[in-house]
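Descriptive structure summary
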Amino acid sequence: MAESELVVPRHVGFIMDGNGRWAKKRGMPRNYGHDKGADVIEEVVGACRDLGVKTVSLYAFSTENWSRPKDEVDKIFELLHKFLKRYTHKLIRDKIRLIISGDLEAIPEDLKNECLSLIERTKDFPEFSLNIAINYGSRAEIVRAVNRLIDGHFTSVTEKDIERELYTSTIPDIDLVVRTSGEQRLSNFFMWQCAYAELYFTDVLWPDFHKEELKKAIEWFSGRKRRFGGI
Ligand code: FPP
């Protein structure tokens, strides 16, 4: 498909699955897969931006991921921290606004501070947003939103009220979800924001998800007829 025929989604969400299996296939520890997974993020985010996508969301660590062995959890946080440090230059140079969705209270203090500092430094970039879900779960996000409204003495709420209290209040709904590694579920990933998203599943494992794979997903999206409940 020629690039001019592509219908480019405004907001793409990635469920980056299959790092562990990718490593296992190579006889390596699971953390090696996460390492490689972190490496492809820069390429994929850059390619999204080049194609005209305006917002990218990444599922880095879910509220359910705490049940993994402690050394794997520690390693994912460490990787995230390294990734943000390495990526800072590009965030500023390419004017990428960083948004973090999730409860940062339970994550390591140095990672939390890095996140808060980068959110502040990039908050005025209007063109492109990168939303990383860390210690995130969609149900917890909705419960949090409702509790914030209760604190504000609301006695009944509208969809708009809830939307205002979500971590994603400043970005549009997700148009396309890409999940790698053959699993076909949302796993508590921005369920409110995905209400009308197209869902693309591929058997490719996340560390193998390069530009060409992104192009395939967007070509597939271009062929979808989005009706939003109409006919
Ligand atoms: C799923 O693969 C992946 C994760 C739970 C973590 C994703 C984290 C990264 C890509 C690295 C850090 C993130 C950033 C934003 C730098 P899995 O472990 O469930 O793989 P498996 O299903 O093959 O076991």
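Up top you'll find the structure we're talking about.
Residues numbered from 1 in each chain as written. Predicted model: local features only at pLDDT ≥ 70, side-chain atom pairs only at ≥ 80, totals over all residues. Heavy atoms only, no water.

**Observations regarding the overall build of the protein**
Looking only at helices and strands, one finds seven helices and six strands in the protein. The order of α-helices and β-strands along the protein, N terminus first, is β-α-α-β-α-β-α-β-α-α-β-β-α. Compactness check: the protein gives a C-alpha radius of gyration of 18 Å against a globular reference of 17 Å for 231 residues, within 12% of the reference. Structurally, the protein occupies a C-alpha span of about 55 × 45 × 35 Å along its principal axes. If you take every contact in the protein between residues at least 6 apart in sequence, the share linking residues at least 24 apart comes to 77%. Computed over 36 positive and 37 negative side-chain charges, the separation of the two mean positions in the protein equals 2 Å. (Helix = DSSP H or I, 4+ residues; strand = E, 2+ residues; numbered from the N terminus. Rg over C-alpha atoms; globule rule 2.2 N^0.38 Å. Contact = heavy atoms within 4.5 Å. Lys, Arg positive; Asp, Glu negative; His and termini not counted. Charge placed at Lys NZ, Arg CZ, Asp CG, Glu CD.)

**Here we look at helix α7 (residues 211-222)**
Taking 1.5 Å as the rise per residue, α7 with twelve residues should run 16 Å; its terminal C-alpha atoms sit 16 Å apart, in good agreement. Of all the positions in α7, only E213, L214, A217, I218, F221 and S222 are classed as buried. Here the buried face of α7 lies against β1 (11-15), α2 (30-51), β5 (176-179) and β6 (198-201). (Expected span 1.5 Å × (residues − 1). Buried < 20%, exposed > 50% of the residue type's maximum accessible area, 1.4 Å probe, protein only.)

**A closer look at the nonpolar core**
F14, V56, L130, I132 and I134 are the most contacted members of the largest nonpolar core, which totals 45 residues. When residues of this core are assigned to their parent elements, the largest contribution, eight residues, is made by helix α3 (residues 70-93). Beyond its immediate stretch of four places on either side in the chain, I132 contacts L58, A60, L80, F83, L84, L98, I99, I100 and S101. Residues Y59, Y136, F190 and A197 belong to the second largest nonpolar core, which totals eleven residues. (Core = buried A, V, L, I, M, F, W, Y, C linked by side-chain atoms within 4.5 Å.)

**Looking at unusual backbone geometry**
At S181, a position not held by glycine, the phi torsion is positive, near 80°. Relative to the helices and strands, S181 is located in the loop between β5 and β6.

**Here we look at the packing of α3 against helix α4 (residues 109-122)**
For any two helices packed against each other, the geometry is given by the interaxial angle and the distance between the axes. Axis separation between α3 and α4 bottoms out at 10 Å; the angle between their running directions is 20°. It follows that α3 is roughly parallel to α4 by the angle criterion. By crossing handedness, the relation of α3 to α4 is classed as left-handed. The residues of α4 that touch α3, namely those facing F77, L80, H81, L84, K85, T88, L91 and I92, are D110, L111, E114, C115, L118, R121 and T122. Per-class residue counts for the contact of α3 with α4 are eight nonpolar, three polar and four charged. (Axes fitted to C-alpha atoms, helices over the stretch in contact; angles between N-to-C directions. Parallel < 35°, antiparallel > 145°, perpendicular 65-115°, else oblique. Left-handed = near helix turned anticlockwise from the far one by under 90°. Nonpolar A, V, L, I, M, F, W, Y, C, P; charged D, E, K, R; others polar.)

**As for the site of the ligand**
Around the ligand lies a shell of 16 residues, among which M16, G20, R21, R30 and R68 are the nearest. Between an oxygen atom of the ligand and a main-chain N or O atom of N19, the distance comes to 3.2 Å. Here R30 contributes a side-chain N or O atom positioned 2.8 Å from an oxygen atom of the ligand. When isolated, the ligand has an accessible area of 620 Å², and the protein chains bury 92% of it. Every element with two or more residues in the shell around the ligand is listed here: α1 (19-25), α2 and α3. Among the elements that take part in the shell around the ligand, α2 stands out by supplying five residues, more than any other. By residue class, the composition of the shell around the ligand is six nonpolar, six polar and four charged. (Near = heavy atom within 4 Å. Polar contact = N/O pair within 3.5 Å; in protein donor to acceptor, adjacent residues only side chain to side chain. Areas by Shrake-Rupley, 256 points an atom, 1.4 Å probe, with all protein chains shown as cover.)

**Considerations on the packing of aromatic side chains**
Summed over the entire model, instances satisfying the criterion amount to 15 aromatic pairs. Judged by centre distance (6.3 Å) and plane angle (65°), the ring pair of Y136 and Y167 falls under edge-to-face. Taken together, the residues Y136 in strand β4 (residues 128-136) and Y167 in the loop between α6 (159-165) and β5 connect sequence positions 31 residues apart. For Y136, a relative accessible area of 1% puts it in the buried group. Where Y200 meets W220, the ring centres are 5.4 Å apart and the plane angle is 55°; that geometry is what we call tilted. Of this pair, Y200 sits in strand β6 while W220 is found in helix α7, placing the two residues 20 residues apart along the sequence. With relative accessibility at 29%, the residue W220 sits in the partly exposed group. Following the ring pairs from residue to residue traces out a cluster consisting of Y59, Y136, Y167, F189 and F190. (Phe/Tyr/Trp six-rings, centres within 6.5 Å; stacked < 30°, edge-to-face > 60°.)

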